[in-house]
Every structure is written in C-alpha cells, then in structure tokens.
Amino acid sequence: RSLVVVHFWAPWAPQCTQMNEVMATLAKEHPQVAFVTLEAEAVPEVSEKYEISSVPTFLFFKNSQKVDRLDGAHAPELTKKVQRHASSSSVCAGSNDSAKEDLNVRLKKLINAAPCMLFMKGSPKEPRCGFSKQMVEILNKHGISFSSFDIFSDEEVRQGLKTFSNWPTYPQLYVAGELIGGLDIIKELEASGELDTVCPKAQKLEDRLKILINKAPVMLFMKGSKQTAKCGFSKQIIEIINSTGIDYETFDILEDEEVRQGLKTYSNWPTYPQLYVKGELVGGLDIVKELKESGELLPILKGEN
C-alpha cells in the first residue's frame, strides 16, 4: 500500500488507547491506508532506530520511506496528516462536488476527534485572539477536558467549518460532534451553571496518578525509558530490576510535567526514580539497593512481601 501509518504505543498509557480509537475511525475513512500498531517497548531495536522516546508516536511511510512523524496524542493533527498524505497518494477526483464531499468528511472527523473539540485561533498555550483566550480560560477554570485545532494552520478547515456548522466566527466549541457555540454561548452556559453538565470534565490528577501507579504490578517512574535512561540513578535502578528477571513497566516523568510534580506530593517522595509494586511505593534507588543486598528485593517485586 502506498501509505502506512505506524502507531508506537504502550498498554500502560491511556492516551495511547484513546489514539488507537482515533486510528480505528481513520481506518474506516481511509481504506486505502494501512494502519499498524507496535508496542514500543516490545520492539526496542525498532524504537531505537526511529528515535521513539515517548508514546504515542506516529510514523508515516510511503513506498517504505519515512515521510512524516507525529509525537504525542494530538488527534486533530493525526487526522490532518493522514488526510494530507492519503490525498497526495491518490488521484484527485477533480470535481468541485467531490472536493466538497471530501472536506465535509474531514470536518466530521475533526469535530469528532475528541469528546470536546475547540476550534480556535492559536493553541491553548498561545491563543492568538482575545475571544479564543477567554474561551480557553473558561474551559480551564471549570476543569473541562478538551482538544483543540488551530484554524490558522489550515485555511480549508477555517473557511469550510463556517459553512459546515453555519456559524460564521471563531472560536467554536463542539461536544460529541455537536456544535455548542462560540464565546457568548459558553459565557451564558457558565452563568446559568449548565456548562459543567454539557462539557466532559478533565480527569483529576490524583485519579490519574492512581491509574498510572497501578498500570502494571511493577511500575517504575524514571527519567527516560527502559531502552534509554536519561539519568544515572534511573540507569542504575533499571540494571538492578533487569537482573531479577521480573517484568515491569516504566513511565518517563520528563514527558509529563503534571505527573512529574504531582507524584512527588502524592507519594511524599521528592526524587526520582520511584518504584511501585501493586500500587504501593517501594522507594528510590537507595532503598532498592538495600533490598537487593538483603535479598528482599525479589520477593517484594513478586508481591510476596
């Protein structure tokens, strides 16, 4: 096939599961494209070759040549790249009707790319108009989980969505693929108290940390990954755990500042790496060294102690 999209993922990362669902939807829309999932840590030599340092990461291949890459769980951007590469691989229909139909299909995918989608000028971190900035502030204030699409990045989407939704201005907020409205409507919903019932809430950090530390029986929070440790302490603890033969999963705290800072408070342990067994903190490198010397490490990792 002319276009192959490879998702390097990990079973312990909830964002990877979400992106697999996005890929499944894209596969239905683009039957001519091959979508492949690879567990990054199960194929270390492949991950190393293509410099996969975090998940999810997507690589795009045409005729066995890598032509593009996307790092992170960005559903709109993935949709955009698949659309662009798939269309450039196929022969254009040439008629205005078919072009309009293709755009409508793409717009439907974009507004359904996340449970709550915000089409705005700029990004949540760098809004490029006052209305977009106010919208982001309201959503963040209410702890609403949302993805965004920068309409400055795609003129076709910018103009097409106005007609598609019959809404002439930006920002535009969609929930479950349905248009909620622009800034004025969101302000009205906030004033009436309805906003919290209309939009999905972001997962609380404490709940997310509980899920992460219980993702596998043995979880190591470290700088880097099993394949590429990014500090000496992390490298040493990996070597010790590897010597026991016990299976374990890792989380790169350099990839997520919220987890990096939040876990210190949650566990009351100020440094990394941190080792957890069955959701319980064992400790850092010094404790793991002591447990190995005393012969207690293996029973602990097995959950026997």
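What counts, and where the lines are drawn
- Residues numbered from 1 in each chain as written.
- Predicted model: local features only at pLDDT ≥ 70, side-chain atom pairs only at ≥ 80, totals over all residues.
- Heavy atoms only, no water.
- Helix = DSSP H or I, 4+ residues; strand = E, 2+ residues; numbered from the N terminus.
- Expected span 1.5 Å × (residues − 1).
- Buried < 20%, exposed > 50% of the residue type's maximum accessible area, 1.4 Å probe, protein only.
- Arc of directions from axis to C-beta.
- Contact = heavy atoms within 4.5 Å.
- Domains from an automatic or database assignment.
- Buried area = accessible area lost by both parts, 1.4 Å probe.
- Salt bridge = Lys/Arg side-chain N within 4 Å of Asp/Glu carboxyl O.
- Nonpolar A, V, L, I, M, F, W, Y, C, P; charged D, E, K, R; others polar.
- Axes fitted to C-alpha atoms, helices over the stretch in contact; angles between N-to-C directions.
- Parallel < 35°, antiparallel > 145°, perpendicular 65-115°, else oblique.
- Left-handed = near helix turned anticlockwise from the far one by under 90°.
- Pairing = 2+ DSSP bridges.
- Right-handed = clockwise from strand over helix to strand, strands pointing away.

Student: Requested: an account of helix 10 (residues 232–244), with residues and values cited.
Tutor: If you check helix 10, its first and last C-alpha atoms are 19 Å apart, about what 13 residues at 1.5 Å a residue would give, namely 18 Å. Within helix 10, burial applies to S234, I237, I238, I240 and I241. The buried side chains of helix 10 occupy one side of the element, clustering within an arc of 165 degrees when seen end-on. Elements that come into contact with the buried residues of helix 10 comprise strand 9 (218–222), strand 11 (274–277), helix 12 (285–294) and helix 13 (297–301). Among the residues trailing helix 10, G245 stands out with phi positive, at a value near 80 degrees.

Student: Which residues make up unusual backbone geometry, and what values go with them?
Tutor: Following V55, the chain continues to P56 via a peptide bond in cis, the omega torsion being -5 degrees. Tracing the sequence through the fold places P56 in the loop between helix 2 (44–49) and strand 3 (57–62). Cis geometry is found at the peptide bond from Y272 to P273, where omega equals 10 degrees. In this structure, P273 sits in the loop between helix 11 (257–267) and strand 11. Located in the positive-phi region is A176, a residue other than glycine, with phi close to 55 degrees.

Student: Break down the environment of L183 for me, citing the residues and quoting the values.
Tutor: Among the structural elements, L183 can be located in helix 7 (residues 183–192). Sequence separation between L183 and F131 is 52 residues, and the spatial gap between their C-alpha atoms is 6.6 Å. The residues touching L183, leaving out its near neighbours within four places in the chain, are F131, Q134, M135, I138 and P171.

Student: Break down the domain arrangement of the chain for me, with residues and values.
Tutor: For the chain, the domain assignment lists domain 1 (3–87), domain 2 (97–198) and domain 3 (206–302). In this structure, domain 1 and domain 2 have C-alpha centres spaced 25 Å apart. Summed over both sides, the interface of domain 1 with domain 2 buries roughly 820 Å², with 64% coming from carbon and sulfur. When residues of domain 1 are sorted by the area they lose upon contact with domain 2, P76, K80 and Q83 head the list and together hold 59% of the total. Where domain 1 touches domain 2, the interface holds zero salt bridges. When contributions to the side of domain 1 that touches domain 2 are tallied by element, the ones reaching two or more residues are helix 1 (14–29) and helix 3 (75–89). Residue contributions to the side of domain 1 that touches domain 2 peak at five residues, all from helix 3. A breakdown of the residues in the side of domain 1 that touches domain 2 according to their chemical character gives four nonpolar, three polar and two charged.

Student: Help me get a handle on the packing of helix 5 (residues 130–141) against helix 7, residues and values and all.
Tutor: The relative placement of two packed helices is expressed as an angle between their axes plus a distance between the axes. Closest axis-to-axis distance for the helix 5/helix 7 pair is 10 Å, and the angle between their directions is 30 degrees. Between helix 5 and helix 7, the angle falls in the class roughly parallel. Of the two possible hands of crossing, helix 5 and helix 7 adopt the one that is left-handed. Side by side, helix 5 and helix 7 meet where F131, Q134, M135, I138 and K141 of the first sit next to L183, I186, K187 and E190 of the second. When its residues are assigned to classes, the contact of helix 5 with helix 7 shows five nonpolar, one polar and three charged.

Student: Hey, could you go over the pairing of strand 5 (residues 116–120) for me, with residue numbers and the actual values?
Tutor: The buried fraction of strand 5 amounts to five of the five residues, a majority that puts the element mostly inside the structure. Where burial is concerned, the two faces of strand 5 agree: the one with C116, L118 and M120 and the one with M117 and F119 are both buried. Sheet analysis places strand 5 next to strand 7 (residues 172–175), joined by four bridges and oriented antiparallel. Following the sheet pairing, F119 is matched in strand 7 by Q172. In terms of strand pairing, strand 5 meets strand 6 (residues 147–150) through four bridges, oriented parallel. Opposite M120, over in strand 6, you have D150 as the bridge partner. Crossover handedness for the path strand 5 to helix 5 to strand 6: right-handed.

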